[in-house]
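As a plain string of letters, each chain reads:
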Amino acid sequence: MFPLDCLVEACLRSSRGARFLFDSTMFALVLLATTILSLGAYRSAIPVPLLSGEDSTVHLGPREALLFPVVGSAMLLCLYFFFRSIQTFYIMLSIIAAGISCFLCLHPLFTFHSRWRPLGQDMNSVLCALTSLAITLAWVVTNHWLFLNLLGGCMCIVMLSVVKVPTVRVALILYAGLLVYDVFWVFFSHHFFAHNVMTEVAQSEAVNPVQSAAHTLTGATPALPPLSLPAKLSIPALRSGAHSAMLGLGDVFVPGLLVAQCFRLDRLFTASPAAWSAHPAGAHSTGSPLVPGPPRLFAASLVGYVLGLSLAIAVSLHFEAAQPALLYILPCVVLAPLARACMLRRAAAWLSCPTDDTAHPLLPGAPFKA
């Protein structure tokens, strides 16, 4: 017989895992992450302002994909052991990166408004720079979660604009290593170190640089909150009894590499349907009629991301413990567009077809202009 107390405990755990469906904080986190992912995928197909030169895009090859978890582990350990020693340098680097990312994300909006106002490009850039500076200073002074999320989202969008995988196959190599990376540092790092390394680094707060500067210059110490770094999305409890929510930017950026690739493949295959069969990978599909209609690979990958993130949140609430979100997100992000590609009878082309205009001669330039 199954003990009654075990049955009650199982029911309570199941209800905790399903609470995210009705938790406004968790819903807001999923919506925020999905919005950032969608904007990053769109921006990955157009030039980044001020970074649209020949060297602006970083393509991850198989070698870089294999080294990515190793470099990430080294950086994680460095922050875990030496954060107090390097926090001043690290926080200044984060402030600069956040301000530049904010400028790059907001600049197209000011360019758009210049069509309606007698402002030149130089004035647009000045106004955009002042706005970005104001947002960054507001985050430094207040440490408000809205400014933190805004700057973190901008950094993620810019990274997706600049860092790209040339093919889905490279993304799968990257994801295999990052799954091991994420599972180890979340589930097993406490066996080798004093604490959960991933959680400790994610929750690290730096001494506010304004407070340090004021103390050095005047001897006074203004009452300012510690500074949370823009390396995560953080939403406080939006109502009484709700949970606060936190998601690392890596859990948006890493799946976003494949989501952005699916977006670019959609643009490619919609503009040039012959690209399905023209690429050498299309040889595996010879004789199979192409299913008519838009590919919708991007929509499938986005649905997969929402399902994977929702599953990660449900498991985290169920066990009341931190979970490696990539363990749940990456399989969903991969399987959803793969299933769509199989429906279109072009899975091989989906895996191997490049989307950069230098590697694929069929890629038209017009759909990629802002």
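Up top is the structure.
Now for a look at the structure at hand. All of these numbers come straight from a predicted model, not from anything done at the bench.

Focus on the overall build of the protein chain
- On a plain count of helices and strands, the protein chain comes out with 13 helices and 6 strands.
- Classification of the 370 residues of the protein chain by burial places 46% in the buried group.
- Within the protein chain, contacts between residues at least 6 apart in sequence are counted, and of these 79% link residues at least 24 apart.
- About 18,500 Å² of surface is accessible on the protein chain, with carbon and sulfur atoms providing 71% of the total.

Some details on the environment of Cys 262
- Residue position: Cys 262 is located in helix 9 (residues 250-271).
- Residue Cys 262 is classed as buried on the basis of its relative accessible area of 0%.
- Residues Cys 262 and Pro 295, 33 residues apart in the sequence, show an inter-C-alpha distance of 9.4 Å.
- In contact with Cys 262, other than residues within four places in its own chain, are Leu 297, Phe 298, Ser 301, Pro 337 and Trp 350.

Concerning the pairing of strand 6 (residues 245-248)
- Burial along strand 6 is one-sided: the face carrying Ala 245 and Leu 247 is buried and the face carrying Met 246 and Gly 248 is not.
- Both strand 5 (residues 232-235) and strand 6 contribute to a ladder of 4 bridges, which runs antiparallel. Bridge assignment links Ile 235 to a residue of strand 6, and that residue is Ala 245.

Notes on a nonpolar patch on the surface
- A contiguous nonpolar surface patch, about 450 Å² in accessible area, is contributed by Met 123, Val 126, Leu 130, Leu 133 and Leu 137.
- Structurally, Leu 137 can be placed in helix 4 (residues 121-142).

Regarding the packing of aromatic side chains
- Under the definition given, this model contains 11 aromatic pairs.
- These aromatic residues form a ring-pair network of at least three members: Tyr 80, Phe 81, Phe 82, Phe 184, Trp 185, Phe 192 and Phe 193.

Rules of the game
Residues numbered from 1 in each chain as written. Predicted model: local features only at pLDDT ≥ 70, side-chain atom pairs only at ≥ 80, totals over all residues. Heavy atoms only, no water. Helix = DSSP H or I, 4+ residues; strand = E, 2+ residues; numbered from the N terminus. Buried < 20%, exposed > 50% of the residue type's maximum accessible area, 1.4 Å probe, protein only. Contact = heavy atoms within 4.5 Å. Areas by Shrake-Rupley, 256 points an atom, 1.4 Å probe, with all protein chains shown as cover. Pairing = 2+ DSSP bridges. Patch = residues over 30% accessible without salt bridge, like charges linked within 9 Å, V, L, I, M, F, W, Y side chains within 5 Å. Salt bridge = Lys/Arg side-chain N within 4 Å of Asp/Glu carboxyl O. Phe/Tyr/Trp six-rings, centres within 6.5 Å; stacked < 30°, edge-to-face > 60°.

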